[in-house]
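Here is what each chain is made of, one letter per residue.
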Amino acid sequence: MRVEIDAGSCHGHQMCAIAAPEIFGSDEYGNAVLLIEDDLPAELESKARRAENNCPERAISIIDEASKG
Ligand code: SF4
């Protein structure tokens, strides 16, 4: 599972960094930056999904390659 951020939609609420500080940081404007661009370790997958669900701008996408078959 990987995570992507749509930078054009991100408004810098930092909800993602609160939900999953291992995965999301912030740039100098407060917008989200990915700290892990590769496959996430299994123990962070539930946090990634929580961050996706908590993002008010729906700017976070989860790419779950395992589920593509
Ligand atoms: S919660 Fe969504 S909009 Fe807010 S900083 Fe994170 S990615 Fe950006």
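What counts and what doesn't
- Residues numbered from 1 in each chain as written.
- Predicted model: local features only at pLDDT ≥ 70, side-chain atom pairs only at ≥ 80, totals over all residues.
- Helix = DSSP H or I, 4+ residues; strand = E, 2+ residues; numbered from the N terminus.
- Rg over C-alpha atoms; globule rule 2.2 N^0.38 Å.
- Buried ≥ 20, exposed ≤ 12 C-beta atoms within 10 Å, placed from the backbone.
- Contact = placed C-beta atoms within 7 Å.
- Near = placed C-beta within 6 Å.
- Nonpolar A, V, L, I, M, F, W, Y, C, P; charged D, E, K, R; others polar.
- Core = buried A, V, L, I, M, F, W, Y, C linked by C-beta atoms within 7 Å.

Another point: the overall build of the protein chain. When its secondary structure is counted, the protein chain shows two helices and four strands. Put simply, the protein chain runs from its N terminus to its C terminus through helices and strands in the order β-α-β-β-α-β. Taking 2.2 N^0.38 as the reference for a compact globule, 69 residues should give roughly 11 Å; the C-alpha atoms of the protein chain span a radius of gyration of 11 Å, in line with that estimate. Along the longest, intermediate and shortest principal axes, the C-alpha atoms of the protein chain span 35 × 20 × 20 Å. For the protein chain, buried positions account for 19% of its 69 residues. A sequence separation of at least 24 residues applies to 60% of the contacts in the protein chain between residues at least 6 apart.

Now for the site of the ligand. Inspection of the region around the ligand gives 14 residues, with Cys10, His13, Met15, Cys16 and Cys55 positioned closest. Partitioned by chemical class, the residues of the shell around the ligand number eight nonpolar, five polar and one charged.

This paragraph deals with the nonpolar core. Ranked by size, the top nonpolar core spans 13 residues in total, and within it Cys16, Ala20, Ile23, Phe24, Ala51 and Ile60 carry the most contacts. For this core, the secondary-structure elements that each account for two or more residues are strand E1 (2-5) and helix H2 (45-54). What cysteine 16 contacts, discounting residues up to four positions off in sequence, is Phe24, Ala32, Ala51, Asn54, Cys55 and Ile60.

Look at glutamine 14: it is not a glycine, yet its phi comes out positive at around 70°. Along the polypeptide, glutamine 14 turns up in the loop between E1 and helix H1 (15-19). For arginine 58, which is not glycine, the phi torsion reads 50° and is therefore positive. Structurally, arginine 58 can be placed in the loop between H2 and strand E4 (60-63). On the basis of neighbour counts, which here come to 10 C-beta atoms within 10 Å, the residue arginine 58 falls in the exposed class.

Looking now at the environment of alanine 17. As for its position among the elements, alanine 17 is in helix H1. Residue classification places alanine 17 among the partly exposed residues on the basis of 19 C-beta atoms within 10 Å. On a C-alpha basis, the gap between alanine 17 and alanine 51 in space is 7.8 Å, while along the polypeptide they are 34 residues apart. When residues no more than four places from it in sequence are discounted, the contact partners of alanine 17 are Phe24, Gly25, Ser26 and Ala32.

Nothing here speaks to function; it is geometry throughout.
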